[in-house]
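If you want the building blocks of each chain, they are given just below.
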Amino acid sequence: EVHDRMPEFNTRDIANVVYGLGLLHARDKRLLGAVCEHLPSRFAEFGRQELSNIMYGLALNRFSHTSFLDSACGFLAGRVRHLNEQEMANMTYACTSLL
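Caption draft 1: A look at the packing of helix α2 (residues 11–24) against helix α4 (residues 48–60). α4 packs onto α2 with a crossing angle of 30° between their chain directions and a minimal axis gap of 7 Å. On the basis of their axis angle, the class for α2 and α4 is roughly parallel. The two elements α2 and α4 cross, and the hand of that crossing is left-handed. Listed contacts from α4 to T11, R12, I14, A15, V18, Y19, G22 and L23 of α2 are E50, N53, I54, Y56, G57, L58 and L60. Tallied by class, the residues present in the contact of α2 with α4 amount to 9 nonpolar, 4 polar and 2 charged.

Written out as structure tokens, the structure is:
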């Protein structure tokens, strides 16, 4: 199962898959759910762009996962000043779309 294999994937691969699914509007609920359940324990491993792309990809698919969104917003709250304009736009779009 995908959820069991999540630790095998690197951060860039996860970000690219979620972003790509969003661009394609391919809403794979099992995969996106597995990502949302797995990622909070690995947030510190992800770069700003990777997290931004994940949030944007989820928003494009209108895939809301409350505990993931709460964790992501809490994690990013202390890092907002480090985001560039595009990352901030992606995060803002994601948060407003998924709430």
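Past the structure itself, the notes keep going.
Caption draft 2: Spatial organisation of unusual backbone geometry. The phi dihedral of H25 falls on the positive side, at around 55°, and the residue is not glycine. Considering the arrangement of structural elements, one finds H25 in the loop between α2 and α3 (29–38). Although it is not a glycine, R62 adopts a positive phi angle of roughly 50°.

Caption draft 3: Representation of the nonpolar core within the structure. Ranked by internal contacts, the top residues of the largest apolar core, which has 29 residues, are I14, L39, I54, M55, L58 and F68. The residues touching F68, leaving out its near neighbours within four places in the chain, are C36, L39, P40, F43, I54, M55 and L58.

Caption draft 4: Seen up close, the packing of aromatic side chains. Counting across every chain of the model gives 4 aromatic pairs. Between Y19 and Y56, the ring centres sit 6.2 Å apart and the planes meet at 35°, which makes this aromatic pair tilted. Taken as a pair, Y19 in helix α2 and Y56 in helix α4 lie far apart in primary sequence, 37 residues in all. Site record: aromatic cluster; members linked through ring pairs are Y19, Y56 and Y93. Stacked on the ring of F75, the Lys or Arg R79 has its end atom at 3.8 Å from the ring centre.

Caption draft 5: Region of the structure containing the packing of α4 against helix α5 (residues 66–77). Taken N-terminus to C-terminus, the directions of α4 and α5 make an angle of 145°; their axes are 12 Å apart at the nearest point. Between α4 and α5 lies a crossing of left-handed hand. Where α4 approaches α5, its residues L51, I54, M55 and L58 are matched on the opposing element by F68, L69, A72, F75 and L76. For the contact of α4 with α5, a count of residues per class yields 9 nonpolar, no polar and no charged.

Caption draft 6: Up close: the confidence of the model for the chain. When pLDDT is averaged along the chain, the result is 90, and 99% of the positions lie at 70 or above. The least confident element of the chain, judged by mean pLDDT, is helix α1 (residues 2–5) at 76; the most confident is α2 at 95.

Rules of the game
Residues numbered from 1 in each chain as written. Predicted model: local features only at pLDDT ≥ 70, side-chain atom pairs only at ≥ 80, totals over all residues. Heavy atoms only, no water. Axes fitted to C-alpha atoms, helices over the stretch in contact; angles between N-to-C directions. Helix = DSSP H or I, 4+ residues; strand = E, 2+ residues; numbered from the N terminus. Parallel < 35°, antiparallel > 145°, perpendicular 65-115°, else oblique. Left-handed = near helix turned anticlockwise from the far one by under 90°. Contact = heavy atoms within 4.5 Å. Nonpolar A, V, L, I, M, F, W, Y, C, P; charged D, E, K, R; others polar. Core = buried A, V, L, I, M, F, W, Y, C linked by side-chain atoms within 4.5 Å. Buried < 20%, exposed > 50% of the residue type's maximum accessible area, 1.4 Å probe, protein only. Phe/Tyr/Trp six-rings, centres within 6.5 Å; stacked < 30°, edge-to-face > 60°. Lys NZ or Arg CZ within 6 Å of the ring centre and 35° of its normal. pLDDT = per-residue confidence, 0-100.

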